[in-house]
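Working through the structure, step by step
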Amino acid sequence: MIKGKVYIDSDNGRITCKNQEVKLIPVSEYSKERMLWLYKSTEEGFRKVEEGEIKFIPDRSIYYSLMKITKCDENGNFLFKDLPEGEYFIVVNVIWNSPTNGSLFRKAGGSIMKRIKLKKGEEKEVIFKVKLVF
């Protein structure tokens, strides 16, 4: 079992991943390559929403078929149950609309990644926290 909490401290206060997806991705050569491109690391990283999307062409369907997805509750907590032992990447978006000058909004926040190792029968707790200054 993996349980966790996700939040970003920003100029707008503490923001959680409320109602946003948390992805659990088995570590493989392909997933390591993706994380390296996205986060410049295969251990942990943060990618600001302003950096835009990266498209992987061709993309491997097995990457998505092995992925497990859950959602954060209103306090930024998530849970994955009944997992086999192994190494995983956990990826979660914390994205919100941030006010700009006037009445306009822009997307703020980003995507957080962390690699973890789960042993058989282990219950692991993972805390994701990022401090953003605009």
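Residues numbered from 1 in each chain as written. Predicted model: local features only at pLDDT ≥ 70, side-chain atom pairs only at ≥ 80, totals over all residues. Heavy atoms only, no water.

1. Looking at the overall build of the protein chain
Heads up, the rule is: Segments assigned H or I by DSSP are reported as helices when at least four residues long, segments assigned E as strands when at least two residues long, and all are numbered from the N terminus. This radius of gyration counts C-alpha atoms alone. The globule rule is 2.2 Å times how many residues there are, raised to the power 0.38. Burial classes follow relative accessibility: with a 1.4 Å probe on protein chains only, a residue under 20% of its type's maximum area counts as buried, one over 50% as exposed, and anything between as partly exposed. All accessible areas in this document rest on Shrake-Rupley with a 1.4 Å probe, and a residue is counted as covered only by the protein chains that are shown.
Each helix and strand counted, the protein chain has two helices and nine strands in total. Helices and strands appear in the protein chain in the N-to-C order β-β-β-α-β-α-β-β-β-β-β. Computed over C-alpha atoms, the radius of gyration of the protein chain comes to 15 Å, within 12% of the 14 Å expected from 2.2 N^0.38 for 134 residues, which places it in the range of a compact globule. Oriented by its inertia axes, the alpha-carbon framework of the protein chain measures out at about 50 × 35 × 20 Å. Of all 134 residues assigned to the protein chain, the portion counted as buried reaches 37%. Roughly 8,400 Å² of accessible area belongs to the protein chain as shown, and the carbon and sulfur atoms make up 50% of that amount.

2. Brief notes about the packing of aromatic side chains
Stated formally: Planes of paired rings set the category: under 30 degrees apart is stacked, over 60 is edge-to-face and the rest tilted, where pairs are Phe, Tyr or Trp rings (Trp by its six-membered ring) whose centres lie within 6.5 Å.
Enumeration according to the criterion identifies four aromatic pairs in this entry. Both rings, one in Tyr63 and one in Tyr64, keep their centres 5.0 Å apart while their planes meet at 90 degrees; by these two values the pair is edge-to-face. A relative accessible area of 8% means that Tyr63 is categorised as buried. Both rings, one in Phe78 and one in Phe128, keep their centres 6.2 Å apart while their planes meet at 55 degrees; by these two values the pair is tilted. Residue Phe78 is found in strand E6 (residues 77-80), and its partner Phe128 is found in strand E9 (residues 124-131); the two are separated by 50 residues along the sequence. Judged by relative accessible area, which is 1%, Phe128 ranks as buried.

3. Some words on the layout of surface pockets
Cut-off, in case you're wondering: A cavity here means a set of points on a 1 Å grid, drawn over the protein atoms and nothing else, where a 1.4 Å probe fits but cannot get out; a pocket is an open set with protein on both sides within 12 Å along at least five of seven lines, and a residue lines either one if it has an atom within 4 Å of a point. Grid points are joined across faces, edges and corners, and a volume is the space filled by probe spheres set on the points. For this classification, Asp, Glu, Lys and Arg are treated as charged, while Ala, Val, Leu, Ile, Met, Phe, Trp, Tyr, Cys and Pro are nonpolar and the rest, including Gly, are polar.
For the largest pocket, the calculated volume is near 630 Å³. In this structure, the largest pocket is lined by 26 residues; those nearest its centre are Lys23, Leu38, Glu53, Asn93 and Ser111. Grouping the amino acids of the lining of the largest pocket by side-chain chemistry returns 13 nonpolar, five polar and eight charged.

4. A short note on the nonpolar core
Here is the rule: Put simply, buried Ala, Val, Leu, Ile, Met, Phe, Trp, Tyr and Cys residues joined by side-chain atoms within 4.5 Å make one nonpolar core. The contact definition used throughout considers only heavy atoms, calling two residues in contact when any of these lie within 4.5 Å.
Counting residues in each nonpolar core, the largest one holds 23 residues, and the members touching the most others are Ile2, Val6, Phe78, Ile90, Val94 and Ile112. For this core, the secondary-structure elements that each account for two or more residues are strand E1 (2-10), strand E3 (21-26), E6, strand E7 (86-99), strand E8 (105-118) and E9. Sorting elements by how many residues they give to this core places E7 first, with five residues. Those residues in contact with Val94 that lie beyond four places of it in its chain are Val6, Ile8, Ile15, Thr16, Cys17, Gln20, Ala108, Gly109, Gly110 and Ile112. Counting eleven residues, the second largest nonpolar core, distinct from the first, contains Phe56, Tyr63, Met67 and Met113.

By themselves, these observations are geometric and do not establish any function.
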